[in-house]
Every structure is written in C-alpha cells, then in structure tokens.
Amino acid sequence: MKNKGLLIGLGIVVILIFSVVSWAVSTYNGIVSLDESVATAWSQVENQYQRRADLIPNLVNTVKGVANFEKETYTAVAEARSKVNEIKLTPQMLSNPQTFKQFQSAQDNLGSALSRLLVTVEKYPELKANENFLQLQTQLEGTENRISVERMNFNEIVRQFNTTIRKFPGSLVAGFGGFSEKQYFEAAAGSEKVPEVKF
Amino acid sequence: MKKLILTLVFAILLSNLTFAQPYIPTLERYCTDRTNTLTKSEIANINRILQQFEDSTSTQIAVLFEYTIDNYPIESFAYQVAKQNNIGQKGKNNGILFVILKKDRKMRIEVGYGLEGALPDALASSIIRNDVKPHFKNLNFYDGVMAGITSIIAATKGEYKQDKSRSKNEDGFPWGTILFIIFFIIFFMGKGGRGNGLGMLWLGSALSNGSGGRSSGFGDSDFGGFSGGGGSFGGGGASGSW
C-alpha cells in the first residue's frame, strides 16, 4: 500500500521534471532562433549602410567635377565615410550600448553630411542636368529609404527578443543561457523622415 | 527662454509629423481608387490587365489612388500599404505597389525584394518622370497609370513564371470547400426535393469561389479580386511628384 503511494509520488515528480526540462529546452531554442533572426536583420541593416558608403566616392567625384568650390561640404562627407568604415559591429556586439551608440552616431553623421552636400549642390543647374548625378541621386534616395526600412525591421525583431528574455519564466532560461538585451536604433531628430534630397 | 520655446514648438511639430499616421487601406482589387478619379470601366480595364499579368507571371501589381496623407512621407506610407496587403508571392517577393496621392501631387512605385533587379530604383524613377508625369500634368490620370503599368509590366514580365495553375491563393488542399460541398449534399439529400434549386445555386457559387477565388457572387462580372500572396518589401522603388 505504502509502496504504491511512493510510486505515484515518484511518477509525478518524474513527470514534473520532464515537463520543466522540456519547457526549458523549447524556450531556450526559441530564444536561440530569435537571436538568429536578430543577426539576420542586422546583416540587412549593414548591407544597406555598406551600399550607401559604396555610392559615396562616385557621388563625390561627380560633384567635384562640377562644383569644385564646395570643397568643405564634400570633404565632410568623405571624412564621415571613413569614420563609418572604422566601426564594425558584429551581431555579438549588439548588446553593448556604447559601441552601438558609436555606430549609430557615425552613420547618422554620414547621413546628415550627405544630405548637406545634396542641398548645397542644388545651386548647380549643370548637376541637375547631369544624367550620372541624377542616377546617383535616385540610388542614394533608394538606399536611405531601404536603411530606414531595415532599421525598422531590426528594431521590431530586437523588441521581440528583448521581451522574450525579460519576461518572467523566460528570463530564467535567458539568464542561464547567457543572453542579454540588445540595443535599438533610436530615431534621432528627423531621422524618421528620409533626408531631404529633392531637386 | 526664446530658444526653449522654439525647441518646444519644434518638438511638438516633429512629434505631430511622426505620429500623424495615415489610414492604411486594405486592397480588395488590383486597382483601388479612393478618390473617384477613374471611371468604372477604366478601373475594370486596369483590373483585367493586372489580373491577367498575375495569372501568367504570378507577379502582383496593385494600384492605389489616395487623396492625401498630409505631411506623412510617401515612402513609409507605400511601404506600410504594401506590407499590410502582402502584395507579391511568398518566397518570390514579386509585388509592386503604385501609389498616387492626388492632392499631394506625389506618387511612388514600391518594388518588392524579388523585383529590385528587374525594376531598379533608377528605372522606377525614370518611369515616373518620363512615362507617368507628363500625363498627370495634363490631368490624364488614366493614361498616366496605364503608361506606368505598361512600363512596369515590360520591365518585370520575364522575371517570374506562374507555377501554380489556377488556385493561386491556396496553400494546400481546399478542405474547407470540400467539407462545405459534402455538408450541402448531405443537407439537401436529407431534405429531399425541397429547396434543391437554391442548394444547387449555392453549391455552384461555392465551387466557383473555391477554384479561382475571383467570383464574388451571382452574375456579377467583377474582375480583379485581389488577395496578397505574402511577398515582402525592403523599401525599393522611387518616388516623384507632378
């Protein structure tokens, strides 16, 4: 009689342990795949930033040929671009607020230097008739727009990730697995809008 | 003090700009005109062309006429409309949305991930500037849209092939339709002769709905029933004004 009770008790304990372990495993796996999605979203953001950086030398050369005396403006762009190239952010570094902030401010600086350049060259009608320049301008507009889309997607996935690892039972698994919160892109003043590059 | 007030005013303006999110319409036709610009037959014609294009290539092109979105950026608006309506097929991401804001005098061609190669930003921009804009300037909206669609179709037609024969909107076996039919057969067999005519009619409409997803009722020759396939967008395309 007593044995039977013990057996039942043991069975319940085994079932409990089993369900807790399988819950922990599936939660852990869920976090891992979210972590992977964050890395994917991040690489998309980086791709678009890289694309913008790649367009710049061409743009600067085109502008140089026509508007030679706007030297200050286009050297500012070139400098901002070289700063951007110095900061590489791997997905493992996304939880570091400091490097993330550095990365974002370098990119934002480049963005505003670029839009300043594009506003300055508005004075040059030769550029507006220059097919090469028009194409570069369209590509740049497109890239800025893609950057904002990818940043938005990235923020969305990071939000999911952070919520998952911060909510109560999940946070235990996350702490055990060594996951920590990731950084968001903050909308700097006006960066919600695509920079004005109209002509 | 003055500076503070200025900053405050600016902040309020900015937050208004950011939060005044426009209504994102649900597209039920290939061509959605919320401004009463086009005539019924013009809309029907556009719907027919775009449906035929999807039937043969699986590429989805949608057209949306909206009156205004105030100061909201058209890029964000077009992206959200395209995303929310799942334009394009899943996996191919071959959707295109052509938005026209009549009062704002702005337009945008939003291009899905999978078509950014066939229709790059520069080409989209050239379509807007050279094919569409001249017509819009003369207030020929129908001609402008047709010119735009024609160029978009020309640019993208070789890119994808339709690989599902007809049932483009279904992912899998149409269990729902089958159950529905069985239900009706049992129901009306049980009832005997009564109400058989009506039953057959309903059955007919259920069948036609299931096979193409386009018939919308009794004798209504309504072309262009649109339903998104789950394509995604990355912000490609170009904008312009007239």
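Residues numbered from 1 in each chain as written. Chains lettered and ligands numbered in written order. Predicted model: local features only at pLDDT ≥ 70, side-chain atom pairs only at ≥ 80, totals over all residues. Heavy atoms only, no water.

*Asks:* With reference to specific residues and values, describe the sheet that holds strand E4 (residues 106-112) of chain B.
*Replies:* Residue and element names in this part refer to chain B. Taken in spatial order, the 5 strands of this open sheet run E1-E2-E3-E4-E5, and their pairing is mixed. Each edge of the open sheet carries a strand with a single partner, namely strand E1 (31-33) and strand E5 (233-241). With direction set aside, neighbouring strand axes in the sheet form an average angle of 15 degrees. Pairing between E4 and E5: 7 bridges, direction antiparallel. For glutamate 110, the partnering residue across the bridge sits in E5 and is glycine 237. Against the sheet, helix H3 (residues 74-84) engages strand E2 (60-66), strand E3 (95-101), E4 and E5, with an angle of about 45 degrees to E4. Across the sheet, helix H5 (residues 141-156) touches E2, E3 and E4, and the angle it forms with E2 is around 155 degrees. (Pairing = 2+ DSSP bridges. Helix = DSSP H or I, 4+ residues; strand = E, 2+ residues; numbered from the N terminus. Axes fitted to C-alpha atoms, helices over the stretch in contact; angles between N-to-C directions. Contact = heavy atoms within 4.5 Å.)

*Asks:* Account for a nonpolar patch on the surface, with residues named and values stated.
*Replies:* On the surface, Val13, Ile17, Val21 and Val25 of chain A cluster together into a nonpolar patch covering about 330 Å² of accessible area. The topology assignment puts isoleucine 17 of chain A in helix H1 (residues 2-66). (Patch = residues over 30% accessible without salt bridge, like charges linked within 9 Å, V, L, I, M, F, W, Y side chains within 5 Å. Areas by Shrake-Rupley, 256 points an atom, 1.4 Å probe, with all protein chains shown as cover. Salt bridge = Lys/Arg side-chain N within 4 Å of Asp/Glu carboxyl O.)

*Asks:* How would you explain the pairing of E3 of chain B if you had to name every residue and give the values?
*Replies:* All names here are of chain B. With respect to burial, E3 is a largely interior element, 7 of its 7 residues being buried. The two faces of E3 match: Gly95, Leu97, Val99 and Leu101 on one face and Ile96, Phe98 and Ile100 on the other face are all buried. The pairing of E2 with E3 spans 7 bridges and is classified as parallel. Of the residues in E3, the one forming a bridge with isoleucine 61 is isoleucine 96. Taken together, E2, H3 and E3 constitute a β-α-β crossover, and its handedness is right-handed. (Buried < 20%, exposed > 50% of the residue type's maximum accessible area, 1.4 Å probe, protein only. Right-handed = clockwise from strand over helix to strand, strands pointing away.)

*Asks:* For unusual backbone geometry, give the residues involved together with the corresponding values.
*Replies:* All names here are of chain B. Non-glycine residue asparagine 36 carries a positive phi angle of around 55 degrees. Within the fold, asparagine 36 resides in the loop between E1 and helix H2 (40-57). Since its relative accessible area comes to 70%, asparagine 36 is described here as exposed. Within the chain, asparagine 86 stands out as a residue other than glycine whose phi angle is a positive 50 degrees. You can see asparagine 86 is positioned in the loop between H3 and E3.

*Asks:* Mind laying out the side chain of asparagine 94 of chain B, listing which residues take part and the relevant values?
*Replies:* Residues and elements named next belong to chain B. Structurally, the position occupied by asparagine 94 is in the loop between H3 and E3. Take asparagine 94: its relative accessible area is 0%, and that puts it in the buried class. Of note is the side chain of asparagine 94, whose polar atom sits 3.4 Å from the side chain of threonine 59. If we ignore the near neighbours within four places in the chain, the residues touching asparagine 94 are Thr57, Ser58, Thr59, Gln60, Gly88, Gln89, Leu115 and Tyr160. (Polar contact = N/O pair within 3.5 Å; in protein donor to acceptor, adjacent residues only side chain to side chain.)

*Asks:* Which residues make up the packing of helix H5 (residues 131-166) of chain A against helix H6 (residues 168-177) of chain A, and what are the values?
*Replies:* All names here are of chain A. Axis separation between H5 and H6 bottoms out at 5 Å; the angle between their running directions is 95 degrees. As far as their axial angle goes, H6 and H5 are roughly perpendicular. Residues Thr164, Ile165 and Arg166 of H5 lie in contact with H6, whose contacting residues are Phe168, Gly170, Ser171 and Ala174. Grouping the amino acids of the contact of H5 with H6 by side-chain chemistry returns 3 nonpolar, 3 polar and 1 charged. (Parallel < 35°, antiparallel > 145°, perpendicular 65-115°, else oblique. Nonpolar A, V, L, I, M, F, W, Y, C, P; charged D, E, K, R; others polar.)

*Asks:* Account for the packing of aromatic side chains, naming residues and giving values.
*Replies:* Counted by the stated rule, this structure contains 15 aromatic pairs over all chains. Ring centres of phenylalanine 65 of chain B and phenylalanine 141 of chain B lie 6.3 Å apart, and the angle between their planes is 75 degrees; this geometry places the pair in the edge-to-face category. Of the two residues, phenylalanine 65 of chain B sits in strand E2 while phenylalanine 141 of chain B sits in helix H5, which places them 76 residues apart along the sequence. Centroid distance phenylalanine 136 of chain B to phenylalanine 141 of chain B: 5.0 Å. Interplanar angle 50 degrees. Geometry classified as tilted. Each member of the pair, phenylalanine 136 of chain B as well as phenylalanine 141 of chain B, carries the same accessibility label: buried. Of the aromatic side chains, those joined through ring pairs into one cluster are Trp42, Tyr49, Phe100, Phe103, Phe154 and Phe185 of chain A. Directly above the ring of phenylalanine 161 of chain A sits lysine 182 of chain A, whose terminal nitrogen or CZ lies 4.8 Å from the centroid. For the cation-ring pair, lysine 102 of chain B lies above phenylalanine 141 of chain B, with the distance from its terminal atom to the ring centre recorded as 5.2 Å. (Phe/Tyr/Trp six-rings, centres within 6.5 Å; stacked < 30°, edge-to-face > 60°. Lys NZ or Arg CZ within 6 Å of the ring centre and 35° of its normal.)

*Asks:* Account for the nonpolar core, with residues named and values stated.
*Replies:* Counting 53 residues, the largest nonpolar core has Ile46, Val63, Phe77, Leu97, Ile100 and Ile109 of chain B as its most contacted members. Take this core: its biggest share by element is 7 residues, from H5 of chain B. Beyond its immediate stretch of four places on either side in the chain, isoleucine 46 of chain B contacts Cys31, Leu38, Val63, Tyr142, Val145, Met146 and Ile149 of chain B. Judged by nonpolar contacts, the second largest core, of 22 residues, contains Leu59, Val60, Val63 and Leu110 of chain A. (Core = buried A, V, L, I, M, F, W, Y, C linked by side-chain atoms within 4.5 Å.)

*Asks:* Can you tell me about the pattern of salt bridges, naming the residues and giving the values?
*Replies:* Residues and elements named next belong to chain A. Inspection of the entire model under this criterion finds 10 salt bridges over all chains. With its nearest N and O atoms 3.1 Å apart, the salt bridge here joins glutamate 144 to arginine 52. Here glutamate 144 is found in helix H5, whereas its partner arginine 52 is found in helix H1, with 92 residues between them in sequence. Residue classification places glutamate 144 among the buried residues on the basis of a relative accessible area of 11%. Residues arginine 159 and glutamate 156 are paired through a salt bridge, measuring 2.9 Å at the closest nitrogen-oxygen approach. Remark: glutamate 156 and arginine 159 occur in helix H5; sequence separation between them is 3 residues, near one turn of the helix. Here arginine 159 falls in the partly exposed class, since its relative accessible area comes to 40%. Residue glutamate 156 is classed as partly exposed on the basis of its relative accessible area of 37%.

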